[in-house]
Amino acid sequence: MTEQRVSYTLDSTLETVDSAEQAASRIATEAGFDDDEVMRIAMAVREAAVNAVLHGNAYDPGKKVSLDFERTGGDLVITIRDQGKGLDPDKIPDPLAAENLLKTSGRGIFLIRSFMDEVFISPSLTGTEIKLIKHVPGSSGHVKEASQ
Amino acid sequence: MSMKTSTRQVNGVTIVDCSGRITLGEGSVILKDVVRDLLSKGQKKVLLNLGDVNYIDSSGIGELVSAFTTVRNQGGELKLLNLTKKVHDLLQITKLYTVFDVKDDEAAAVKSFG
């Protein structure tokens, strides 16, 4: 990974979702993850961006989504923030429960948790911050620059 | 790559060949429209060939579930054919692999419709 930290401020649009996914794919590749892990990280970021754009900011053109990628302590840390009402993770139904299996939504956070090593969701009155952490393969736990 | 579909008939079964991405926005809308159009024509035996679908997100999964229940509620059947590993893995972790009737041989899949 050539950058230590990359930040984006994005509009509340569907294009933002694609941009976030593409940025995640590129940065995860640069960090040394294999193709399967890159796909998982990119999908987790995509799902978080969908939540921010749709459920958080509700496509409000006056609200922004911020996206930060940081390589720190042997981890790839990705933070997505919106300016919505705040997502309460405790109120999200379990999508694996029998009564929810045929629901057409509600799997985004589950997929994020499935694909990342650690996930922290911090709702507030001014928006939701979701922090996604993936341990970089072969890392000694210290901040290192990639060879490329 | 956005999603593309084409349909063909084999022994009374409508096979929908899908390719590209089934994601929030265009891909999910296309799938919804295709299934709605088939049902409006009375074509209720639907086999979704996902062999060239290389990516699906939670919205796409939701649209697959919606298609499945919509067809079933109208007395039809919707089955899946030729899952890529990525789509297979997603259906496994979401426990939907056991909900859908998933096939990997087209001829056998067509025969399996009642």
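Going by the structure above, here's the rest.
Position numbers for residues count from 1 along each chain, tracking the sequence in the order it is written. Throughout, the order in which chains and ligands are written sets their labels, letters from A for the former and numbers from 1 for the latter. Restriction of local features to residues with pLDDT of at least 70 applies here, the model being predicted, together with a cutoff of 80 or more for giving and counting side-chain atom pairs; totals for whole chains, interfaces and linings are based on all residues. As a convention, hydrogens and water are excluded, and side-chain values are obtained from all of the structure's heavy atoms.

Undergrad: Whenever I open this one, the interface of chain B and chain A confuses me. Can you help?
TA: Interface size, as often reported, equals the accessible area lost upon joining of the parts. Contacts were defined at the residue level, with two residues in contact if any of their heavy atoms lie within 4.5 Å. Listed per partner, the contact involves 22 residues of chain B and 21 residues of chain A. Between Lys or Arg on one side and Asp or Glu on the other, a salt bridge is scored when a side-chain nitrogen of the former is within 4 Å of a carboxyl oxygen of the latter. Viewed at the interface, chain A and chain B are joined by 2 salt bridges. Any pair of nitrogen or oxygen atoms within 3.5 Å is treated as a polar contact; in protein, a donor-acceptor pairing is required on top of that, and neighbouring residues in sequence qualify only through side-chain atoms on both sides. Linking chain B to chain A there are 5 residue pairs in polar contact (both at pLDDT 80 or more). Listed by contribution, the elements that provide at least two residues to the side of chain B that touches chain A are strand 3 (45-56), helix 2 (58-73) and helix 3 (85-93) of chain B. Think of it this way: any DSSP run of H or I at least four residues long counts as a helix, any run of E at least two long counts as a strand, and we number them from the N terminus. Sort the elements by how many residues they give to the side of chain B that touches chain A and helix 2 of chain B lands first, with 8 residues. For the side of chain B that touches chain A, the per-class residue count stands at 10 nonpolar, 7 polar and 5 charged. Throughout, the ten residues Ala, Val, Leu, Ile, Met, Phe, Trp, Tyr, Cys and Pro are labelled nonpolar, Asp, Glu, Lys and Arg are labelled charged, and all others, Gly among them, are labelled polar.

Undergrad: So what exactly am I meant to see when it comes to the nonpolar core here?
TA: It is characteristic of soluble globular proteins that their nonpolar side chains tend to be buried jointly. Of all hydrophobic cores here, the largest spans 69 residues; its most connected members are I78 and L132 of chain A together with L48 and L50 of chain B. For this core, the element with the highest residue contribution is helix 2 (residues 35-56) of chain A, accounting for 12 residues. Setting aside its immediate chain neighbours within four residues, I78 of chain A contacts I41, V45, L67, D68, F69, M116, I130, K131 and L132 of chain A. By nonpolar core we mean a set of buried residues, namely Ala, Val, Leu, Ile, Met, Phe, Trp, Tyr and Cys, connected to one another through side-chain atoms within 4.5 Å. Partly exposed residues are those whose accessible area sits between 20% and 50% of the maximum for their type, while under 20% is buried and over 50% is exposed, using a 1.4 Å probe and protein chains only. I15, L81, V110 and F113 of chain B belong to the second-largest nonpolar core, a separate cluster that totals 7 residues.

Undergrad: Would you mind going over the pairing of strand 2 (residues 64-72) of chain A with me for this structure?
TA: Sheet faces and side chains relate simply in a regular strand, where the side chains alternate between the two faces. Residues and elements named next belong to chain A. By definition, two strands form a pair when at least two bridges between them are found by DSSP. As paired strands, strand 1 (residues 5-11) and strand 2 are joined by 7 bridges and run antiparallel to one another. Its bridge partner lying in strand 2, D11 is registered against K64. Both strand 2 and strand 3 (residues 75-81) contribute to a ladder of 7 bridges, which runs antiparallel. From the neighbouring strand, L67 faces strand 3, where its bridge partner is I80. Between strand 2 and strand 3, which follow one another and run antiparallel, lie 2 residues, and G73 among them has a positive phi close to 55 degrees.

Undergrad: Any chance you could explain the pairing of strand 5 (residues 127-135) of chain A here in plain terms?
TA: Residue and element names in this part refer to chain A. As defined by bridge partners, strand 3 adjoins strand 5 across 7 bridges and the pair is classed as antiparallel. Each bridged residue has a counterpart across the sheet, and for I78 the counterpart in strand 5 is L132. Across 7 bridges, strand 4 (residues 118-124) lies against strand 5 in antiparallel orientation. Paired with F120 across the two strands is K131, which belongs to strand 5.

Undergrad: What am I meant to see in the environment of P137 of chain A here?
TA: Residue and element names in this part refer to chain A. Residue placement: P137 occurs in the segment after strand 5. A relative accessible area of 45% places P137 in the partly exposed class. Measuring from C-alpha to C-alpha, the distance between P137 and D75 comes to 8.9 Å, with 62 residues separating the pair along the chain. If we ignore the near neighbours within four places in the chain, the residues touching P137 are G32 and F33.

Undergrad: So what exactly am I meant to see when it comes to the side chain of D82 of chain A here?
TA: Residue and element names in this part refer to chain A. Mapped onto the fold, D82 is located in the loop between strand 3 and helix 3 (108-115). Among the polar contacts made by the side chain of D82, one reaches the main-chain amide nitrogen of G84 at a distance of 2.9 Å. Polar contacts involving the side chain of D82 include one to the main-chain amide nitrogen of T128, which spans 3.0 Å. Setting aside chain neighbours within four positions, we find D82 in contact with N51, A52, G56, N57, K64, T126, G127 and T128.

Undergrad: Looking at this structure, how should I read the pattern of salt bridges?
TA: Side chains that differ in sign of charge can pair as their charged atoms come close. Residue and element names in this part refer to chain A. Overall, the coordinates contain 21 salt bridges over all chains when judged by the stated rule. Between R5 and D68 there is a salt bridge, with its nearest N and O atoms 3.4 Å apart. Within this pair, whereas R5 is found in strand 1, its partner D68 is found in strand 2, the two being separated by 63 residues in sequence. A residue is classified by how much of its surface remains accessible, and R5, at 46% relative accessible area, is partly exposed. Where salt bridges share partners, they join R5, D68, E70, R81 and E129 into one cluster.

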